[in-house]
Each structure stands twice: as structure tokens, then as C-alpha cells.
Amino acid sequence: MRYNLHTHTYRCNHASGTDREYVEAAIKAGMKTLGFADHCPQFFPNDYYSTFRMRPEAAADYVESLRTLKKEYKDDIEILIGFETEYYPAIFDKFREFIAPLDLDYMIMGQHFIHNEYEVPNYYASNPTYEDAKQYVRQTLEGLRTGMFTYIAHPDILRHEDPVFYRELMTEYCRELKDMDIPVEYNILGYRNKKWYPNALFWQVVAEVGNRVVLGYDAHEPVALLEENNYDACMGYLNMLGITPIQFRDIEIRRPNGKIFG
């Protein structure tokens, strides 16, 4: 059955639509599970502020709104409440302290920066250095080892101009992810918006290594959940590589508190 665990809301400042509109679009699309994973607040130690994430004061409303919809639509769809977040070692404890009382169902890792973002902002729309690419892999693996994340979103957001280096690094990366049993996400938004990801070379490596794969809409507007052509194209490409995305029932939904959802 179709599902999506990567849904954003207007609170992240670059998505549109009401929470209810996402839920109703998911139901219309035939989904049985919809997970919201909006960009989480972060707590930087200086006046640095990134505009693409939820403000801390919006988190309570986010959770309350989705819990209300969860009850209202319980006979139609299962709604899960989570966050998409980067792993920033210097401020991760403060983040964990903030989310603890929210009692989230899950989190996904969506690493856009290395180090702690505010020190040396480095977004991977540009080609990183060799060392930055290695740091990206080290840092995401360190975060995933906390046991707080269900899967990693758009792992191929990292790109590099050297295909030999990239293939070697991604092969090592995918092997580590497989050993940790962390699924990797094929990002439908990247396909939809013709971004540099999904990266064909990365997905060839995934097929060779045998990682578990989820399809994530990365929806920033409700209509994205209804676009059958994008879903079918992404599914068709994965099937061509011999990859069958896993069903929702086969995903180990990891709560941020270390427990398994359910």
C-alpha cells in the first residue's frame, strides 16, 4: 500500500497548504499512512538563523494540529508525526531536550550542511571539496548511530565532480548504511523539480550494495501527493535497477526516545 513519511508544512517557510489539505490529498491518492516530517527547529548559539526551518514556537501547534487530524481521520488514514533534521553534534543535545516532551513518532535525517551549519555554512547544491564530502559521510553516520532516525532522506544530495571518488565514497557509505539497517530514500521532489538528485550513479551503487529503499515524496504542497506520473516514473526507474522499495509494514519506525513505534 502506498505511503509517505516525508511531508512538510507551511511552518518551514518554504511549503504551502494546510495540514488538512495534505491529509485529504493523501487519502485521495490511496495512501494508508502519511507521515509529517517538517524541518525541525534548531538552537544555534549565536545570531545565525536559517530561514528554511520551523521556528521553536511553532512546534507545539504543529504537533497539536496533527494529533487533532490523527483522531479525526483515524478510520481513513494513519497519521504519524515527526521531524526532518540535520545532525549537528555541538547542538544535538539541546535539540533532543527540546523534542522530548513532544513525544514524536519518528524522525528522518535530512542533512543539508556539515559541521554545525552556523560555523561554515556549506549547502550541497555546490560541489564540495574532497574533505567536505568525507565529512558529510562521517557526520551523517555518526548521527544515525544515535538510533534516533528511521531513515535518511535524499542521501544523494551530496554530489562531487570526480565520479571515481564519488563512487568509491558512496559504496563505502551505502555499505555502512546497510550494516546499520538504515533505509535510503529515493526523493520524488528531486525528480519532480529536476534537481541534481536523484543521482544515477548513487542509485547504481545502491542496487549493487543492496540497501533497503523507501520512496519519499518530500511534499511541499498537497498536490504533490496526487501526481501519479512522478510516482510511477520513480518506481519504474528503481524497478529497472532491480530495486523494490519496501512496504510500510517492513520499516522499523524508530521513535526519537529509542523505542520502536507501535
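J.: Sorry, what's going on with the packing of helix 4 (residues 130-144) against helix 5 (residues 163-180) here?
T.: Any two packed helices are characterised by the angle at which their axes cross and by the distance between the axes. Running from N to C, helix 4 and helix 5 point in directions that differ by 5°, and their axes come no closer than 11 Å. Taken together, the axis directions place helix 4 and helix 5 in an arrangement best described as roughly parallel. Listed contacts from helix 5 to Y130, A133, K134, Y136, V137, T140, L141 and L144 of helix 4 are F165, L169, M170, Y173, E176, L177 and M180. Across the contact of helix 4 with helix 5, the residue classes break down as 12 nonpolar, one polar and two charged.

J.: Please explain the pairing of strand 3 (residues 78-85) as it appears in this structure.
T.: In the case of a regular strand, side chains alternate between the two sheet surfaces. Of all eight residues in strand 3, seven are buried, a share of seventy percent or more. Bridging between strand 2 (residues 33-39) and strand 3 involves seven bridges; their strand directions are parallel. If you follow A37 over to strand 3, its bridge partner there is G82. For the crossover from strand 2 across helix 2 (residues 59-72) to strand 3, the handedness is right-handed. Here strand 3 runs beside strand 4 (residues 106-109); their pairing, made up of four bridges, is parallel. Across the sheet, E84 pairs through a bridge with I108, a residue of strand 4. Between the parallel pair strand 3 and strand 4, the chain is carried across by helix 3 (residues 92-99), and the sense of this crossover is right-handed.

J.: It is not clear to me how unusual backbone geometry should be interpreted in this structure. Could you clarify?
T.: Leaving glycine aside, a negative phi is the common case for residues, and trans is the common case for peptide bonds. Along the chain, Y197 connects to P198 via a cis peptide bond; the corresponding omega equals 5°. Within the fold, P198 resides in the loop between helix 6 (188-192) and helix 7 (200-209). With a phi angle near 75°, N13 is a residue other than glycine that sits in the positive phi range. Its location among the elements puts N13 in the loop between strand 1 (3-7) and helix 1 (19-28). Positive phi is not limited to glycine here, since K194 has a value of about 55°. Structurally, K194 is set in the loop between helix 6 and helix 7. By relative accessible area, K194 is classed as exposed at 74%.

J.: Looking at this model, I keep getting lost on the pattern of salt bridges. Mind explaining?
T.: If the charged atoms of two oppositely charged side chains come close together, the side chains can form a pair. Summed over the entire model, instances satisfying the criterion amount to 15 salt bridges. E228 serves as the salt-bridge partner of R2, at 3.3 Å between the closest nitrogen and oxygen. Residue R2 is located in the segment before strand 1, and its partner E228 is located in helix 8 (residues 228-240); the two are separated by 226 residues in the primary sequence. By relative accessible area, which is 17% here, R2 ends up buried. Note on E228: relative accessible area 35%, which makes it partly exposed. Of the charged contacts in the structure, one is a salt bridge between R145 and E176, with a shortest N-O distance of 3.5 Å. With R145 in the loop between helix 4 and strand 5 (151-152) and E176 in helix 5, the pair connects residues that are 31 residues apart, well separated along the chain. Residue class for R145 comes out exposed when judged on its relative accessible area of 51%. Using a relative accessible area of 28% as the deciding quantity, one classes E176 as partly exposed. A cluster of three or more residues bridged by salt bridges with shared partners is formed by R11, D19 and D61.

Cut-offs used in this document
Residues numbered from 1 in each chain as written. Predicted model: local features only at pLDDT ≥ 70, side-chain atom pairs only at ≥ 80, totals over all residues. Heavy atoms only, no water. Axes fitted to C-alpha atoms, helices over the stretch in contact; angles between N-to-C directions. Helix = DSSP H or I, 4+ residues; strand = E, 2+ residues; numbered from the N terminus. Parallel < 35°, antiparallel > 145°, perpendicular 65-115°, else oblique. Contact = heavy atoms within 4.5 Å. Nonpolar A, V, L, I, M, F, W, Y, C, P; charged D, E, K, R; others polar. Buried < 20%, exposed > 50% of the residue type's maximum accessible area, 1.4 Å probe, protein only. Pairing = 2+ DSSP bridges. Right-handed = clockwise from strand over helix to strand, strands pointing away. Salt bridge = Lys/Arg side-chain N within 4 Å of Asp/Glu carboxyl O.

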